Amino acid sequence: MRVLVTGGAGFIGSHVNKLLLDQGHSVTVVDDLSKGHQDSIDARVDFHQIGLENQEELEKILPGHDGVIHMASFIEVGESVKKPVEFAQNNIVGTVKLLEAMKNANVKKMIFSSSACVYGKPEKLPITEEDPLGEQENPYGITKVTMEEFCKLFHTLHNFDVTILRYFNPYGPGELHEPETHAIPNFVKSALTKTPIPLFWKGEQIRDFIFIDDLAQAHILALTLTGLHIYNVGTESGVKVADVVKQIFEIVGYEVPIDDKGERKGDVPALVASSEKLKKELGWNAKVNLEEGLKKTIEFFKNQNL
Ligand SMILES: NC(=O)c1ccc[n+]([C@@H]2O[C@H](COP(=O)([O-])OP(=O)(O)OC[C@H]3O[C@@H](n4cnc5c(N)ncnc54)[C@H](O)[C@@H]3O)[C@@H](O)[C@H]2O)c1
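- Under the annotation held in an unreviewed UniProt entry, the protein carries the name UDP-glucose 4-epimerase.
- Its UniProt record, at the heading Cofactor (unreviewed entry), says of the protein: "NAD(+)".
- Among the UniProt annotations of the protein, the heading Sequence similarities (unreviewed entry) holds the following wording: "Belongs to the NAD(P)-dependent epimerase/dehydratase family."

Take a look at the structure:
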């Protein structure tokens, strides 16, 4: 298939590109490099440095593609609280312009990167796709819920094939956000530079950490779908954040002090996916366990100039 990946210079997009190419698909990337890294883009990709706001240019690039994997977004929760207008503009308006461009170019398959954050504070675990969406405590979450709604609307109004993938906690090599607020890359970097590990809630929170290659594979499988689908993407196993720190210490073979950061507003105590639907309907499985994934992530950061 010929696939256009928005946000393909970012952490998750760069892995999705590579997997698509390795499996024989051809890939066009649209990314404005506001956050991503040009050197993360596979050399086999047809790269266009443009932003989603440039609907006219998107309409020139899109014709001939079989579908779009839409990952371009601002993602940092704390930043979204400070800059709600920028987040709404970039994420929501950017998505609507992309959808309009797709409609005009007659490209009607959309795989959308959503997040477990749409469930808010879950009423029960594991979370299934039938569970209600929860109250949002920051503009980022509201943009994700709204972007989902616009994708669904284009299915209803214009017969788009839409698959919404709700990621739990992705991690792996290549995670180079700036600022970085995600636990695993920050823990690994602190461990490798032998500086204190920043830990909120004393590490009592439970998360479902999904390795990047497993997450990327879900996008490729979703390309085969028609109609409207929503899937959680997680390992279905909840891990205490403090236990992730312990595993990192075991892998590197030493410990560093903990920097107790106290509580952080807006964090939910536990998030664990049910990925039954994805497994049953698409034959997807999480293959990489936390220990193996952490080892690969640590290897990646050892080769960075930290
Ligand atoms: N990383 C996570 O933990 C996580 C969790 C759940 C959902 N997601 C979603 O997955 C997607 C990818 O996340 P990531 O971690 O790879 O983020 P990232 O910041 O590494 O990548 C996003 C990319 O989008 C580009 N971009 C942003 N706005 C753009 C615009 N208007 N036009 C063109 N390009 C634009 C950036 O330059 C960047 O390369 C996002 O939609 C995010 O909301 C990520």
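Continuing now.
Things to note about the overall build of the protein
Stage number 1. The secondary structure content of the protein amounts to 10 helices and 13 strands.
Stage number 2. In terms of overall size, the protein behaves like a compact globule, its C-alpha atoms giving a radius of gyration of 19 Å where 306 residues would be expected to give roughly 19 Å.
Stage number 3. With the principal axes as the frame, the protein shows a C-alpha extent of 55 × 40 × 40 Å.
Stage number 4. Taking all 306 residues of the protein together, the buried fraction comes to 42%.
Stage number 5. Excluding contacts between residues fewer than 6 apart, the proportion of contacts in the protein whose partners are at least 24 apart in sequence is 81%.

Concerning the site of the ligand
Stage number 1. Taken together, 29 residues form the shell around the ligand, and within it G7, G10, G36, A72 and S73 come nearest.
Stage number 2. Within the residue set of the shell around the ligand, elements represented by two or more residues are α1 (11–22), α4 (84–104) and β5 (109–115).
Stage number 3. Looking at which element gives the most residues to the shell around the ligand, the answer is α1, with 3 residues.
Stage number 4. The residue makeup of the shell around the ligand, split by class, is 12 nonpolar, 14 polar and 3 charged.

Examining α4
Stage number 1. Here α4 contains 21 residues, and its C-alpha end-to-end distance of 29 Å stays within 8% of the 30 Å for a straight helix at 1.5 Å per residue.
Stage number 2. Along its length, α4 shows its largest kink, about 25 degrees, at G94.
Stage number 3. Among all positions in α4, only F87, N90, N91, I92, G94, T95, L98, L99, A101 and M102 are buried.
Stage number 4. Residues of α4 that are buried in the fold lie against β1 (2–6), α2 (55–61), β4 (67–70), α3 (77–82), β5 and α5 (139–158).
Stage number 5. A positive phi of about 60 degrees marks N106, the residue just after α4.

Parameters at a glance
Residues numbered from 1 in each chain as written. Predicted model: local features only at pLDDT ≥ 70, side-chain atom pairs only at ≥ 80, totals over all residues. UniProt positions renumbered as here; feature names shortened; annotations may be inferred. Helix = DSSP H or I, 4+ residues; strand = E, 2+ residues; numbered from the N terminus. Rg over C-alpha atoms; globule rule 2.2 N^0.38 Å. Buried ≥ 20, exposed ≤ 12 C-beta atoms within 10 Å, placed from the backbone. Contact = placed C-beta atoms within 7 Å. Near = placed C-beta within 6 Å. Nonpolar A, V, L, I, M, F, W, Y, C, P; charged D, E, K, R; others polar. Expected span 1.5 Å × (residues − 1). Bend = angle between axes of the 7 residues up to and from the residue.

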